[in-house]
Amino acid sequence: MQDNTPNLTDDIPGDTLDLSPAQWLWYPGDRTLPNTFVLFRRVLHLTEKPRRATGWIIGDSRYLLEVNGRRIQWGPAPNDPRWPEVDPMDLTEALTTGENVIGATVLHFGQGDSTHPMGRAGFIFKLEIEHADGRHETVVSDTSWRCHLSRAWQPGHHRMWYMRALQEEFDARQHPQGWTQPGFVEDADWLEPQLPPCPAHLPIFCDPTIDVMLHIHGPRKFIYGAEARSKMELRPRSIPLMRETWVGIAELAEQHRIRWKRPIAEYFAVRPPNAYAAEPTQAVQPIGDGVWRVELDPERGTTLTFALPEQMVGWPSVTIDAPAGTTLELMTQDAHLVGGHSSHEDKVSDWDLSTQKGSLASGPVLLNTTHHKWARFTCREGVNTFQWFDFDCLRWMQVHLHPGRGSVVVSRVGILKREYPWPHEPRVLTSEAPLQRVFDAATNTMRNAAQETFVDGMSRERNQYSGGISLCRHAIHMLAGENRQVAHFLRSFSQGSTPEGYFMDCWPSHDRLNRLGQRVLEATHCGALLDAGVRFAFDCWEYYLYSGDLAPLREPYPRLLRLVSYLREKMNPDDLLPVDQEDYGFPIVYVGFSGCFPNQRDRQCAFNLFWAASLSQAMAPMCRAFGDAKLATELDQLGQRVLQATVARFWSQEHGAFVDNLPWWREDGDVHYSEMTLGIAVELDQCPGGSIQRSVELLATLPKNLGIDNSTEPVAWRLWALVKGGRADAVLKELREVWATMPSIVQNNAIAEFYQGMKPDTGSNWSHACCAPIYVAAMSLAGIRPLAPGFARYEISPQLADLPDLALTVHTPHGPIGFSGRGLQGARVLDLSLPPDVNGELVVHRAEQLPLKRLGEGRFALPAGRKLSIDLKHT
């Protein structure tokens, strides 16, 4: 195949920012230790309140902006340091007449994080002020600011764990209290900032000086005879800032005394066994609504364990009135077993998943059972409000007070919740309580997992992925009516493209960068997931189908073509891609867990089905949309060849389905199917002659030789295929009997990572990424899908089986599609509200006789802009 891949040194289309005359700032010195916090302060005097004050701000790696002691915003979004998105700010309401103080707390990770692959320390700020009399003033980061190296957060502190850069320890006694408020007097520890030699139109990553901790520098022309591959630039933030709202705890669930057998610092550093013994206590007394007086014990620690109303994302927070030097840890956890604790800690040995009960000695007292998710705070005298600087995903939070004398008062315990401000609240409604519970949990899971990036395990690694994780985009487009969030995912994920052509699949995370070195030393099996890159083509093409907007694809498109060229070179003479690790080097083929595929070679069928479909059904039409008709034909033909080769090797006429181990089934002792392979083949129309009956039967009956992924993430393929094959009843049965009883749904209003093995007080992810029930409801049960880009044509093909009612709204570029189905088969009423100016099609049972224009057997035209009530007798 001719390599038509555009060169990645070409300019990448997109808006750029020049923040001149602002200057990059940092604390003066020649190195920055990991997890260094620098406070930047600027005093601004105004003769009157401004008419408008808006601008831009970014800090590497994270910043918190305050004005006159008021929290304004936290950022930036996870980014590739070559193309960071600068956050907008609006300080109009925060600024006032007289003295104003702008304060930015900037944290530089200095090491990898799941939301930050690498960076250079820096801060830049530009504010345009329009005064009431029409005058304009610009306030920028320059030497008029002052900066302070925080000792409250000690520079050089260690990471939490591999995926989290910050293990927070904060001593309020060392913090300059009131520094973001007027009247604060700067002392000798407030210095004039250093000006890194980086222009204001470029990211701080372009600083040409050497960072001595990482030994990196910005691009320098003609080093070793080569220029930089990428044109780096600052870009404006492409998604809204996150919405922040306060949510208080639902209850104080339990309280304990902790007798420490090992030093507290040692326990939280390395968590040795048998470090403590615990017993219930009543040392905590309520003295008001959400206010507790806690009697400290000089020999024992004290824990207060709180539950939030549901699992959510945000910054855990607590207020405490205490003597100076009082120390506490604030811990988080997804799920916790309340009651019956003794001296056992850090394990749950006899948890019953069916009854959700354990024995009296079954669970740990301390929530610090996984990934060392704690922050330590030391009080100054009086009232202290402590809040994690970085966010987490949790339902449980716990305060551990160190031994001491006297009493303290604990209040305002909760979380500053963060969520994406979708234009519309996703709502999938039914009167059937178990199913509504599933739909609500799916919506909340999407809220937790889809924020600035699409991640798996917001309470764990927070890596962004394509593949099963990014399927949430269906619900975001259709039910939330949001395209910008998905466009941001497409750009940020694609920036992980390598010179070879494959994607660093969890970009922008440091994970795959680290794995490269680990693989050299044979210390891990992890590598870049090739199948995630292959499936990314569908993320891009289906964005265009939903939105009709081609512009956000201009950046990923050449990178996808480079992936195609890379994989084309890897194809075997039989036109199939291999799946063994040695065939690729660093990248690997994953597709699904071992429950789905017992052996690596069993993944070849599913991987090549994805590869074939991505070429013919995603890349080829994308090429046509960009005017590359010749390349479109070439890729379509290549996809057909791959599909024919996959059919030849894995399709069994005898079994009427794709068999993952067909070439070696005798060696294995039996044929093996997988839900992934069968689901892909049915949903993507890859079964020869449209013969899907046997595949659908296997997916509905789940025989023992059908591999089922224990992860909830890839379930959509099976559910889509079942409804497509006329088995919506099987989907509803599973949602009622399996999903509605899942512990995470019942207890946390969230969908867990796995169907089985989810235990409280462990590393289990009780809010992972799967929100399939709501987008399957929209796409398959209601049957609403675009037939042309931007919903220029669409269809509604309802398959409600025995569901008594279902109501939802799908948002399109032309307006909403309102859907309501009520009644059972034979007496079902379909109420539709249709958008104007676009053509829709209703697909129903072929026996239906409807007062609509017939387009074919069981297919009718839907008039634009109308509200219809349709009686269905057979559908």
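Note that the structure is predicted; figures quoted are calculated from it, not measured.

A. Examining the overall build of the chain more closely. The number of helices and strands found in the chain is 16 helices and 38 strands. Whereas a compact globule of 875 residues would reach a radius of gyration of roughly 29 Å, the chain reaches 28 Å, a difference of no more than 12%. Overall, the chain is about 80 × 70 × 60 Å in size when its C-alpha atoms are taken along their principal axes. Burial analysis of the chain (875 residues in total) assigns 63% to the buried set. Restricting the contact set of the chain to residue pairs at least 6 apart, pairs at least 24 apart contribute 74%. Working note: accessible area of the chain is about 31,700 Å², and carbon and sulfur atoms make up 49% of it. Side chains of the chain carry 85 positive and 104 negative charges; the gap between the two charge centres is 2 Å.

B. Layout of the packing of helix H13 (residues 715-724) against helix H16 (residues 772-781). Packing of H13 against H16 brings their axes to within 10 Å, and their N-to-C directions diverge by 25°. Viewed along their axes, H13 and H16 adopt a mutual orientation that is roughly parallel. Seen along the crossing, H13 lies across H16 with a hand that is right-handed. Where H13 approaches H16, its residues Val 715, Ala 716, Leu 719, Trp 720 and Val 723 are matched on the opposing element by Ala 772, Tyr 775, Val 776, Met 779, Ser 780 and Leu 781. Grouping the constituent residues of the contact of H13 with H16 by class yields 10 nonpolar, 1 polar and no charged.

C. Expanded view of the pattern of salt bridges. Across all of its chains, the model carries 51 salt bridges by this definition. Where Asp 685 meets Lys 724, a salt bridge forms, and the shortest distance between an N and an O atom there is 2.6 Å. A residue pair is termed long-range when its members are at least 10 positions apart, and Asp 685 in the loop between helix H11 (675-683) and helix H12 (693-701) and Lys 724 in helix H13 qualify at 39 residues. The exposure class assigned to Asp 685 is exposed, which follows from its relative accessible area of 59%.

D. Main features of a nonpolar patch on the surface. A surface patch of nonpolar side chains, amounting to about 310 Å² of accessible area, comprises Ile 210, Val 212, Met 213 and Leu 214. One can find Leu 214 in the loop between strand S10 (169-171) and strand S11 (235-236).

E. Examining the pairing of strand S21 (residues 392-401) more closely. A large share of S21 lies buried, amounting to 10 of its 10 residues. Taken together, the 9 bridges between strand S17 (residues 301-322) and S21 define a ladder with antiparallel strand orientation. Its bridge partner being in S21, Gly 314 is matched across the sheet by Asp 392.

F. Just the pairing of strand S34 (residues 828-833), in detail. Sheet topology note: the strand S33 (residues 815-822)/S34 ladder contains 5 bridges and is antiparallel. Looking across to S34, one finds that Phe 819 is bridged to Leu 832. Joining the antiparallel neighbours S33 and S34 is a turn of 5 residues, in which Gly 823 adopts a positive phi near 95°.

G. Up close: the side chain of Asp 113. Take Asp 113: it is sitting in the loop between strand S6 (98-108) and strand S7 (122-130). The buried charged residue Asp 113 lacks any salt bridge, with Arg 462 as its nearest oppositely charged partner at 4.1 Å. Of note is the side chain of Asp 113, whose polar atom sits 2.6 Å from the side chain of Thr 115. With residues near it in sequence (within four places) discarded, Asp 113 still touches Met 163, Arg 164, Ala 165, Arg 462, Ser 509 and His 510.

H. Summary view of helix H7 (residues 556-570). With 15 residues, H7 should cover 21 Å at 1.5 Å per step; its first-to-last C-alpha distance of 21 Å lies within 8% of that length. Turning to H7, its buried residues are Pro 556, Tyr 557, Pro 558, Arg 559, Leu 560, Leu 561, Arg 562, Leu 563, Val 564, Ser 565, Tyr 566 and Leu 567. Lining the buried residues of H7 we find helix H4 (484-494), helix H6 (530-547), helix H8 (604-625) and helix H9 (629-650).

I. Geometry of the sheet that holds S11. What the 5 strands build is an open sheet, ordered S8-S7-S2-S5-S11; its pairing is mixed. The open sheet has two edge strands with one neighbour each: strand S8 (136-140) and S11. As judged from the 5 bridges shared by S7 and S8, these two strands associate in the antiparallel manner. Each bridged residue has a counterpart across the sheet, and for Lys 126 the counterpart in S8 is Val 140.

J. Local environment of the environment of Phe 391. Examined against the element boundaries, Phe 391 turns out to sit in the loop between strand S20 (382-387) and S21. You can call Phe 391 buried: its relative accessible area is 6%. Between the alpha carbons of Phe 391 and Ser 820 there is a distance of 38 Å; along the sequence they are 429 residues apart.

K. Summary view of the environment of Ser 744. Inspection of the secondary structure assignment puts Ser 744 in helix H15 (residues 743-748). With a relative accessible area of 2%, Ser 744 lands in the buried category. In this structure Ser 744 touches Asn 749, Ala 750, Ile 751, Ala 752 and Trp 766, once residues within four positions along its chain are discounted.

L. Seen up close, H13. Most of H13 is tucked away: 9 of the 10 residues are buried. Every buried residue of H13 is accounted for by Val 715, Ala 716, Trp 717, Arg 718, Leu 719, Trp 720, Ala 721, Leu 722 and Val 723. The first or second residue beyond H13 is Gly 726, which carries a positive phi of 85°.

M. Quick peek at the sheet that holds strand S30 (residues 784-786). With respect to topology, 5 strands assemble into an open sheet ordered S30-S31-S35-S37-S36, the strand pairing being mixed. Taken across any chain shown, the strands that pair with only one partner, and hence form the sheet edges, are S30 and strand S36 (854-856). The average undirected angle you get between the axes of adjacent strands in this sheet is 30°. In this sheet, strand S37 (residues 859-862) lies alongside strand S35 (residues 839-843) in antiparallel orientation, the contact comprising 4 bridges. Residue pairing across strands places Leu 842 opposite Phe 860, the latter belonging to S37.

The rules we used
Residues numbered from 1 in each chain as written. Predicted model: local features only at pLDDT ≥ 70, side-chain atom pairs only at ≥ 80, totals over all residues. Heavy atoms only, no water. Helix = DSSP H or I, 4+ residues; strand = E, 2+ residues; numbered from the N terminus. Rg over C-alpha atoms; globule rule 2.2 N^0.38 Å. Buried < 20%, exposed > 50% of the residue type's maximum accessible area, 1.4 Å probe, protein only. Contact = heavy atoms within 4.5 Å. Areas by Shrake-Rupley, 256 points an atom, 1.4 Å probe, with all protein chains shown as cover. Lys, Arg positive; Asp, Glu negative; His and termini not counted. Charge placed at Lys NZ, Arg CZ, Asp CG, Glu CD. Axes fitted to C-alpha atoms, helices over the stretch in contact; angles between N-to-C directions. Parallel < 35°, antiparallel > 145°, perpendicular 65-115°, else oblique. Left-handed = near helix turned anticlockwise from the far one by under 90°. Nonpolar A, V, L, I, M, F, W, Y, C, P; charged D, E, K, R; others polar. Salt bridge = Lys/Arg side-chain N within 4 Å of Asp/Glu carboxyl O. Patch = residues over 30% accessible without salt bridge, like charges linked within 9 Å, V, L, I, M, F, W, Y side chains within 5 Å. Pairing = 2+ DSSP bridges. Polar contact = N/O pair within 3.5 Å; in protein donor to acceptor, adjacent residues only side chain to side chain. Expected span 1.5 Å × (residues − 1).

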